[in-house]
Amino acid sequence: MVLRLLLLLGALLRATKPAPHCETGQETLGQCQTVRKAKCVDIALSSCTDVAYTQMVYPNFLDQKSREVIEYSSEYLLISVLHNLLQGECNPDLRLLGCSVLAPQCEKDKVIKPCRHVCENLKKNCLPAFDAIDMAWPYFLDCDRFFAGEEEGCFDPLAKLRGEVDVEEDLPSNLPATFIQFKHHSYSQMVSTLKKTASKCSQIATTYSIGRSFEGKDLFVIEFSTKPGHHELLKPEFKYIGNMHGNEVVGKELLIYLAQYLCSEYLLGNPRIQNLINNTRIHLLPSLNPDGYELAAEEGAGYNGWVIGRQTAQNLDLNRNFPDLTSEAYRRAGIRGARLDHIPIPQSYWWGKVAPETKAVMKWLRSIPFVLSASLHGGELVVTYPYDYSMHPMEEKMFSPTPDEKVFKMLAKAYADAHPVISDRSELRCGGNFVKRGGIINGAEWYSFTGGMADFNYLHTNCFEVTVEVGCEKFPLEEELFTIWHENKGALLNYMEMVHRGIKGIVSDKFGNPIKNARISVRGIQHDVTTAADGDYWRLLPPGTYIISAQAPGYSRVMKRVTIPAKMKQAGRVDFVLRPAEAWPNKLLRRSMENTYDPYDPLELFDPHAQHRQPEARGASSPGREKPWWWSYFSSLDLHKPLWLLKQR
């Protein structure tokens, strides 16, 4: 009897014992211990070694209790192959987000959940990429289930991609407004400097990203305009691009310094800078290849190599990765009436490896009606201009001019003549080989290559682009940067001002409605430009007298005689009012004008996975539901295939 009473008393005591206390986030780990907290261990998962933290906890949020269990799971396999499945879209963002669930951050034996708002933003942006390949959103990226609000204490697993991990050194608060720190900037320091500059000049500046590098770094642009973020009628669009080759770093630093200079001088009332920004929309992309830069930076300043860091993380040379439209231009050149402009991207181009950085630039060019551009390189001191690909493929050094040879020479000389070293007549210096040419040269005459960005700009869009080799040292010492900036500052400004040479105007119908994609032709120059969405256009031209015509589908052509004086520094205004045409005598011309770009444009609509699909026999049908093409990626999983990735019909 006594024994029964003691057992009953023990049961009552256990029943009234307080519930075990769970650390924040521990209740979702599949266990909640009374005494022992979560134990932090080093991350050993190969797909998660680049997260912004070093330790995780077992079991993870999916109750996976060991490294082996995680690595053989369908969830882990998915984050490992997502980059291939989505063709680089939203990665490594999705992989890092997945790692925050599969390898939860652990600090001082406490689990920290990833932030819910980061998950929600990424899902909003990336869900269309999943829809495009007929894949459901992964269950383990459920923003409500595995993520926490900021009030609960969370971390941003994507902060490293935005350059928010490294802390910039504090500078004295009493520095002058014009202060520029002449140093080499890491990726995070570059992003921080651009954002601070845009914040300082928020009324005229903003930052945005045109896309991501292969390793997921934002390709940041800082923009200067009186209406940041918007195209303004008749205001030309200008861009500078630096660091296309990761080990050629001077262009990157020059554009970071230029951004700070434009901001401070505008605020100080510098009339030249105010006039430039008030009348131009300026875009500066300091680093097109941040992945390559990081590799080159490991060698350190003063390293003057020609290989390490030049290419992207995919081992691609970005200045050989654009579509070869120059060969098509040479083919067309002998055809009477053929135009050497707005040549579409051939479908075959997409069968090769296209870098996400390249695709980002191509989409950028489509979204903004750029007029003028320059790409800043290193290794020489000269300005080159298209074509970069020889008209005879076997000739490596052959003068190969565009129809706008005079325009390009004018543009190249604008930079060269304003540069004190390039314009120096001494041949015993960097760039001395080009003294007799005035510091400029046709690209193909220097050396020929295909797939260049400058040729693509000219042949696919309205934009004229030159290449500036800003010095013989690709990665100079920091003490040299101040001198390099002062040698290039005037040339950078002078070249930007060239965007206002030639003519500009609006093409409209008799009711004043703008006409988009109207062609502006110059007699004697086999290269047209087209009007933007608001009907405005810009046509770079040197001084002289020209016959200019405007035409559009369904309208009669209008011609005007225009004279551009030698001393004219601003674009002349030449508007066109088009009237409806009775008939179109030339059907070929009508078709080419109606479709400036192919309606089935590969850049927007090409399916990179189409090659994996086998053509179906006519009338054939298969019983049951056919698995999507990406299902084969999970064939190694015998028992745990990710049925949760299949969309519910």
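Residues numbered from 1 in each chain as written. Predicted model: local features only at pLDDT ≥ 70, side-chain atom pairs only at ≥ 80, totals over all residues. Heavy atoms only, no water.

As recorded in an unreviewed UniProt entry, the protein chain goes by Carboxypeptidase Z and comes from Lepidothrix coronata. As stated in UniProt under Cofactor (unreviewed entry), the record for the protein chain gives "Zn(2+)". Recorded in UniProt under Subcellular location (unreviewed entry), the annotation for the protein chain is "Secreted, Extracellular space, Extracellular matrix". (UniProt positions renumbered as here; feature names shortened; annotations may be inferred.)

**Considerations on helix H5 (residues 116–132)**
Taking 1.5 Å of rise per residue, 17 residues should cover 24 Å, and H5 covers 24 Å from first to last C-alpha, within 8% of that figure. Residue Cys126 marks the point of greatest curvature in H5, where the axis turns by about 45°; the proline Pro128 follows within four residues. Of the positions making up H5, those classed as buried are Arg116, Val118, Cys119, Leu122, Cys126, Ala129 and Phe130. As for H5, its buried residues are in contact with helix H3 (74–85), helix H4 (93–102) and strand S4 (110–114). With its phi angle positive at about 60°, Asp134 sits one or two positions after the end of H5. (Helix = DSSP H or I, 4+ residues; strand = E, 2+ residues; numbered from the N terminus. Expected span 1.5 Å × (residues − 1). Bend = angle between axes of the 7 residues up to and from the residue. Buried < 20%, exposed > 50% of the residue type's maximum accessible area, 1.4 Å probe, protein only. Contact = heavy atoms within 4.5 Å.)

**Remarks on the packing of helix H6 (residues 187–200) against helix H7 (residues 250–267)**
Two numbers describe how H6 lies on H7: the axes approach to 10 Å, and their chain directions differ by 15°. With respect to their mutual orientation, H6 and H7 come out roughly parallel. As H6 runs across H7, the sense of the crossing is left-handed. The segment H6 lies against H7, with Met190, Thr193, Leu194, Thr197 and Lys200 engaging Lys252, Ile256, Ala259, Gln260, Cys263, Ser264 and Leu267. Considering only residue class, the contact of H6 with H7 consists of 6 nonpolar, 4 polar and 2 charged. (Axes fitted to C-alpha atoms, helices over the stretch in contact; angles between N-to-C directions. Parallel < 35°, antiparallel > 145°, perpendicular 65-115°, else oblique. Left-handed = near helix turned anticlockwise from the far one by under 90°. Nonpolar A, V, L, I, M, F, W, Y, C, P; charged D, E, K, R; others polar.)

**Observations concerning the sheet that holds strand S3 (residues 105–107)**
Overall, mixed pairing links the 3 strands, which are arranged S3-S4-S5 in an open sheet. What marks the edges here is a single partner per strand, and that holds for S3 and strand S5 (154–155). As paired elements, S3 and S4 share 3 bridges and run antiparallel to each other. Pairing of Cys106 across the sheet is with Val111, part of S4. (Pairing = 2+ DSSP bridges.)

**Examining the pattern of salt bridges**
Inspection of the entire model under this criterion finds 29 salt bridges. Among the ionic pairs, Glu215 bridges to Lys217, the shortest N-O distance being 3.2 Å. Judged by its relative accessible area of 38%, Glu215 is partly exposed. Residue Lys217 is classed as buried on the basis of its relative accessible area, which comes to 8%. The salt bridge involving Arg437 is made with Glu445; its shortest N-O contact spans 3.2 Å. We classify Arg437 as partly exposed; its relative accessible area is 42%. (Salt bridge = Lys/Arg side-chain N within 4 Å of Asp/Glu carboxyl O.)

**Focus: the pairing of strand S13 (residues 464–471)**
With 8 of 8 residues buried, S13 lies mostly within the body of the structure. Of the strand pairs in this sheet, strand S10 (residues 370–377) and S13 are connected by 6 bridges, and their pairing is parallel. For Leu372, the partnering residue across the bridge sits in S13 and is Phe464. Alignment of strand S11 (residues 380–385) against S13, held across 5 bridges, turns out to be antiparallel. By the bridge assignment, Glu380 is partnered in S13 with Gly471.

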